[in-house]
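Here is what each chain is made of, one letter per residue.
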Amino acid sequence: QVQVVESGGGLVQPGGSLRLSCAASGSIFTIYVMGWYRQVPGTERELVADITSGSITNYADSVKGRFTISRDNAKNTVYLQMNSLKPEDTAVYYCNVDVLTRNLRRITSWGQGTQVTVSS
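Our subject in this report is the structure included herewith.

Quick notes on the rules
- Residues numbered from 1 in each chain as written.
- Predicted model: local features only at pLDDT ≥ 70, side-chain atom pairs only at ≥ 80, totals over all residues.
- Heavy atoms only, no water.
- Salt bridge = Lys/Arg side-chain N within 4 Å of Asp/Glu carboxyl O.
- Buried < 20%, exposed > 50% of the residue type's maximum accessible area, 1.4 Å probe, protein only.
- Disulfide = S-S within 2.5 Å.
- Helix = DSSP H or I, 4+ residues; strand = E, 2+ residues; numbered from the N terminus.
- Phe/Tyr/Trp six-rings, centres within 6.5 Å; stacked < 30°, edge-to-face > 60°.
- Lys NZ or Arg CZ within 6 Å of the ring centre and 35° of its normal.
- Pairing = 2+ DSSP bridges.
- Axes fitted to C-alpha atoms, helices over the stretch in contact; angles between N-to-C directions.
- Core = buried A, V, L, I, M, F, W, Y, C linked by side-chain atoms within 4.5 Å.
- Contact = heavy atoms within 4.5 Å.

1. Concerning the pattern of salt bridges
Here comes step 1: The final tally for this structure, using the stated rule, is 5 salt bridges.
Here comes step 2: Between Lys64 and Asp61 there is a salt bridge; the shortest N-O distance is 3.1 Å.
Here comes step 3: What makes Asp61 exposed here is its relative accessible area of 64%.
Here comes step 4: Notably, a salt bridge pairs Arg106 with Asp98, separated by 2.7 Å at the nearest N-O pair.
Here comes step 5: When its relative accessible area of 54% is taken as the criterion, Arg106 is described as exposed.
Here comes step 6: Connected through salt bridges with shared partners, the residues Arg38, Glu46, Arg66 and Asp89 form a single ionic network.

2. Digging into the state of the cysteines
Here comes step 1: Under the defined criterion, the tally for this structure stands at 1 disulfide.
Here comes step 2: Bridging Cys22 to Cys95, the disulfide has an S-S length of 2.0 Å. Its S-S torsion of about -80° marks the bond between Cys22 and Cys95 as left-handed, since a negative value means left-handed. Of the two residues, Cys22 sits in strand β3 (residues 18-26) while Cys95 sits in strand β9 (residues 91-101), which places them 73 residues apart along the sequence.
Here comes step 3: We classify Cys22 as buried; its relative accessible area is 0%.

3. Brief notes about the packing of aromatic side chains
A ring pair, where both rings are aromatic, is described by two values, the distance of the centres and the angle of the planes.
Here comes step 1: Inspection of every chain in the model, using the stated rule, returns 1 aromatic pair.
Here comes step 2: Between the aromatic rings of Tyr37 and Trp110, the centroid separation amounts to 5.0 Å while the plane-to-plane angle is 65°, which identifies the pairing as edge-to-face. Separated by 73 residues along the polypeptide, Tyr37 in strand β4 (residues 28-39) and Trp110 in strand β10 (residues 106-110) bring together distant segments of the chain.
Here comes step 3: Over the face of the ring belonging to Tyr79 we find Arg19, whose NZ or CZ atom lies 4.1 Å from the ring centre.
Here comes step 4: Just above the ring of Tyr94 sits the side chain of Arg45; from NZ or CZ to the centre is 3.6 Å.

4. Observations regarding the sheet that holds strand β1 (residues 2-7)
Here comes step 1: Pairing within the open sheet is antiparallel, and its 4 strands lie in the order β1-β3-β8-β7. Strands with a single pairing partner mark the edges of an open sheet, and in this sheet they are β1 and β7 (67-72). Looking at each pair of strands side by side, their axes are set apart by 15° on average, direction ignored.
Here comes step 2: By the bridge criterion, 6 bridges tie β3 to strand β8 (residues 77-82) in an arrangement that is antiparallel. The partner of Cys22 across the bridge, within β8, is Val78.

5. Description of the nonpolar core
Here comes step 1: Within the largest apolar cluster, 31 residues are counted, with the highest numbers of intra-cluster contacts made by Trp36, Leu80, Met82, Tyr93 and Val97.
Here comes step 2: Among the secondary structure elements, those contributing two or more residues to this core are β1, β3, β4, β5 (46-52), β7, β8, β9 and β11 (114-118).
Here comes step 3: With 5 residues, β9 is the largest single contributor of residues to this core.
Here comes step 4: Excluding residues within four positions of it along the chain, Met82 makes contact with Gly16, Ser17, Leu18, Leu20, Arg66, Phe67, Tyr93 and Val116.

Next comes the structure, spelled out in C-alpha cells:
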C-alpha cells in the first residue's frame, strides 16, 4: 500500500558529504514520523535520525552536529544531509515512514536500503 524508495548513497572519502533522499508514495493520508536507520552486517539496525510532521528532530549521539534531517511534507519526502563523514558511518541506510493510510490504517514501511561507504 505504501512504497518507500531511497536514493543518494555511494562511495565518499572521509570528511566528505552525501545527501540521501527518500520518497514515500501510495495510499497515504498523512505521514507522522519519517526516519533514517542504518545497519552494518552482523549488527542491529540503529536509528540515525527521525523527524515528525511538525519538524521535531531526533538524532543519534554519533551523528549530532554532522547530519541534518529534513522533510518536504508536500512531496512526502525526507532527506538526510551527511557532512564530515567518517569510516564508521559506512552502512546500509534505510528509510522508515510511519503512515496513516487512506483507509485509516496506521502502518510503518521500510525502503530497500542504500549503501553508504566512507573510505579513502
